[in-house]
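Summary of structural features
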Protein chains: 2
Amino acid sequence: MPKTKAQISVSLDGYMAGPNQSEKDPLGEGGEALHEWAFNLASFHEMHGRHGEGERGVSDDVLRPTLDRLGAVVMGRNMFGPIRGPWPDDEWKGWWGQDPPFHCPVYVLTHHPRDPVEMDGGTSFHFVTEGIETAVAAAKEAAGDQDVAIGGGAFTLQQAIVAGLLDEIVVTQVPILLGGGERLFDRLPASTKVELAAVVEGPDALHLTYRFG
Amino acid sequence: MPKTKAQISVSLDGYMAGPNQSEKDPLGEGGEALHEWAFNLASFHEMHGRHGEGERGVSDDVLRPTLDRLGAVVMGRNMFGPIRGPWPDDEWKGWWGQDPPFHCPVYVLTHHPRDPVEMDGGTSFHFVTEGIETAVAAAKEAAGDQDVAIGGGAFTLQQAIVAGLLDEIVVTQVPILLGGGERLFDRLPASTKVELAAVVEGPDALHLTYRFG
């Protein structure tokens, strides 16, 4: 049964990106350190086309199923790029170069229509102006029997949680403080039902899997 | 070697008390649910003078050493009571009745001087106007070879962390959302050094021990 999932990294103070996001600092100031636990994992290398490199172990076991079963991605516009307001042209095609690491259709939430963009390696960007429910529905149809990943940022994930669209999230907690930025667990109503489904201690980070009721 | 420690419960969104704290709701709206994991533990019953009652197990093993080695407590004024500004009289003696569960000297941070108060069962309240460093020094001297616990609230703990006074904190994470209140990990500079020292999965909560560098 395909799922709608997310895999994010947060600091001890709960931030999934540092303060002052910009084209120079797509993850905000200090935000890069949130992802260091993943950079040398075998599955992370494979996602970037470098097969046979990197380390295996418990953190790789956490990341691998998410990547292996990736059928489509939904993300907010700020995760796609630094441009705000109407698209000035078709120049900006994401942070990830000509061959992005998704290798599947990516649905970008935006208030401003834009034609789809085909990239190399199976990635395509589709711009959805009708909101999170429409984006997740399109992603599910594209993913078939694979999973849909909600990529971020925080506001996109919060909308998915409140709308009951997210089945499961792996929150990788990294023992650093960012002091500011965007929190995942914010603006969520106290009535939200959530269950801690799994705890895995990696060498550099703690992986906590939550399911929503 | 005696330590300065803290043991707190937080929601998934990081709050150690709910919104709108008041005399009716000392832990804020919904905040009581943060502590349910502890209410039926043997060590919690013992702290309240009910020996031989309650459950043992991993959560009891987490709580017990903190209580067994308790030599003195430091807390902020809002944890002591709902009164703000100068003390109108000596009537308010904490939330806990004539025999509070501390059984040791308690140092209360306040801007308003007040004479110490002796309670039953070994608890006494001392009012410190010179700040967290003075309060922790007095508590350490009173505790001798026992530990000092910093009780809360969030702002008191943040001051202790920033001043380098807190050796260790056990953060018990409860899978509920409070949607507002006071966060432990807030207002802390990104330069704060912290290490995840232990992970214990209890039946109702996850116990995470952090050490500060």
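Numbering of residues starts from 1 in each chain and follows the order in which that chain's sequence is written. Here chains are named by letter from A upward and ligands by number from 1 upward, in the order in which they appear as written. Whole-chain, interface and lining totals are the exception, using all residues; otherwise, since this is a predicted model, local features are given only for residues with pLDDT of at least 70 and side-chain atom pairs are given and counted only at 80 or more. Excluded from the side-chain calculation are hydrogens and water; included are all heavy atoms of the structure.

To continue, consider the interface of chain A and chain B. Opposite the 22 residues of chain A that make contact, chain B presents 22 residues. Simply put, the buried area is the total loss of 1.4 Å probe accessible area from both parts when two parts are fitted together. In total, chain A and chain B occlude about 1,900 Å² of area from one another, counting both sides; carbon and sulfur atoms represent 63% of this. Considering only the surface of chain A that becomes buried against chain B, A:Leu12, A:Leu177 and A:Phe185 emerge as the three largest contributors, covering 30% of it. Salt bridge, as used here: a side-chain nitrogen of Lys or Arg that lies within 4 Å of a carboxyl oxygen of Asp or Glu. Across the contact surface, chain A and chain B share two salt bridges. A salt bridge links A:Asp186 to B:Arg183; the nearest nitrogen and oxygen atoms lie 3.3 Å apart. Helix and strand assignments follow DSSP, with helices taken as H or I runs no shorter than four residues and strands as E runs no shorter than two, numbered in order from the N terminus. Those elements that place two or more of their residues in the side of chain A that touches chain B are β10 (194-201) and β11 (206-212) of chain A. Taken together, the residues of the side of chain A that touches chain B break down into 15 nonpolar, three polar and four charged. Should any heavy atoms of two residues lie within 4.5 Å, those residues are counted as being in contact. Put simply, Ala, Val, Leu, Ile, Met, Phe, Trp, Tyr, Cys and Pro go in the nonpolar bin, Asp, Glu, Lys and Arg in the charged bin, and everything else, Gly too, in the polar bin.

It is worth spelling out a negative patch on the surface at this point. Residues enter a patch when their relative accessible area is above 30% and they make no salt bridge; the linking distance is 9 Å between like charges and 5 Å between nonpolar side chains (Val, Leu, Ile, Met, Phe, Trp, Tyr). With residues, only the protein chains shown are counted as cover, and all accessible areas are computed by Shrake-Rupley using a 1.4 Å probe. None of His or the chain ends enter the tally, which takes Lys and Arg as positive and Asp and Glu as negative. Positions of charges follow a simple convention, taking NZ of Lys, CZ of Arg, CG of Asp or CD of Glu. The grouping of A:Glu32, A:Glu36, A:Glu55 and A:Asp204 at the surface amounts to a negative patch. The class of A:Glu32 is partly exposed, set by a relative accessible area of 48%. Throughout, exposure labels follow a simple rule: accessible area from a 1.4 Å probe, protein chains only, divided by the maximum for the residue type, with under 20% read as buried, over 50% as exposed, and the rest as partly exposed.

Before going further, it helps to spend a moment on the confidence of the model for chain A. Confidence of the predictor in every single residue is expressed as pLDDT, which spans 0 to 100. On average, chain A scores 94 in pLDDT, and the residues at 70 or more come to 100%. Among the prediction metrics, the complex's ipTM stands at 0.87, with pTM recorded as 0.91.

For the rest of this paragraph, the subject is the relation of the copies chain A and chain B. Two chain copies, one operation linking them: a rotation about an axis together with a shift along it. Taken as rigid bodies, chain A and chain B are interconverted by a rotation of 180 degrees and an axial shift of 0.0 Å, the fit giving an RMSD of 0.0 Å. In the structure described here, the two chain copies are related by an operation that fits a two-fold rotation axis. If distances are taken from each C-alpha of chain A to the rotation axis, the shortest is found for A:Gly14, at 3.7 Å. When you check the interface residues of chain A against chain B, 100% turn up at the interface there too, and the contact is symmetric in its surfaces. The copies were overlaid by least squares, fitting only the C-alpha atoms of residues that reach a pLDDT of 70 or more in each copy.

Time to look at the pairing of strand β6 (residues 124-128) of chain A. Here is the key point about a regular strand: its side chains alternate between the two faces of the sheet. All names here are of chain A. Taking burial as the measure, the five residues of β6 include four buried ones, the bulk of the element. Relative to β6, strand β4 (residues 105-109) is paired through five bridges, and the arrangement is parallel. In the strand pairing of β6, Val106 is matched with Phe125. Two strands qualify as a pair provided that DSSP identifies no fewer than 2 bridges between them. Of the strand pairs in this sheet, strand β5 (residues 117-118) and β6 are connected by two bridges, and their pairing is antiparallel. By the bridge assignment, Glu118 is partnered in β6 with Ser124. Hairpin remark: β5 followed by β6, antiparallel, with five residues in the connecting loop; positive phi at Gly121, about 75 degrees.

Its place among the elements puts B:Glu168 in strand β8 (residues 168-174). In this structure the side chain of B:Glu168 is engaged in a polar contact, spanning 3.2 Å, whose partner is the side chain of B:Lys3. Nitrogen and oxygen atoms within 3.5 Å of one another constitute a polar contact, given that in protein one can donate a hydrogen and the other can accept it, and given that sequence-neighbouring residues count only through two side-chain atoms.

A separate point is the pairing of strand β7 (residues 147-152) of chain A. All names here are of chain A. Counting buried positions along β7 gives five out of six residues, so the element sits mostly inside the fold. Bridge count for strand β1 (residues 4-11) against β7 is two bridges, and the pairing is parallel. From the neighbouring strand, Thr4 faces β7, where its bridge partner is Val148. Bridging between strand β3 (residues 70-75) and β7 involves five bridges; their strand directions are parallel. Along β7, the bridge assignment pairs Leu70 with Asp147.

This brings us to the sheet that holds strand β8 (residues 168-174) of chain A. All names here are of chain A. Across the sheet, nine strands lie side by side as β5-β6-β4-β3-β7-β1-β8-β11-β10; this open sheet has mixed pairing. Edge strands, defined here as strands with exactly one partner in the open sheet, are β5 and β10. The sheet contact formed by β10 and β11 spans seven bridges and is antiparallel. Residue Leu196 lies in a different strand from β11, and its bridge partner there is Tyr210. Every axis corresponds to a line fitted to the C-alpha atoms, with the helix fit spanning only the stretch in contact, and the corresponding angles, defined between N-to-C directions, vary from 0 to 180 degrees. Helix-sheet contacts for helix α6 (residues 154-162) involve β1, β3, β4, β7, β8 and β11, and the interaxial angle to β7 is about 135 degrees.

Looking now at helix α5 (residues 132-143) of chain A. It helps to recall that an α-helix has 3.6 residues per turn; residues three or four apart then point in one direction. Residues and elements named next belong to chain A. Given the number of residues in a helix, its expected span is that number minus one, multiplied by 1.5 Å. With 12 residues, α5 extends 16 Å between its outermost C-alpha atoms, agreeing within 8% with the 16 Å of an ideal straight helix rising 1.5 Å per residue. Along α5, the positions that sit buried rather than exposed are Ile132, Ala135, Val136, Ala139 and Ala143. Buried residues of α5, viewed axially, fall in a sector of 95 degrees; they line one side. When the buried face of α5 is taken as reference, the exposed residues oriented beyond 90 degrees from it are Glu133 and Glu141. Buried-residue contacts for α5 involve β1, β3, β4, β6, β7 and α6. Looking one or two residues past α5, Gly144 carries a phi angle of roughly 60 degrees, positive in sign. Within this analysis, the arc is defined by the directions that extend from the helix axis to the C-beta atoms.

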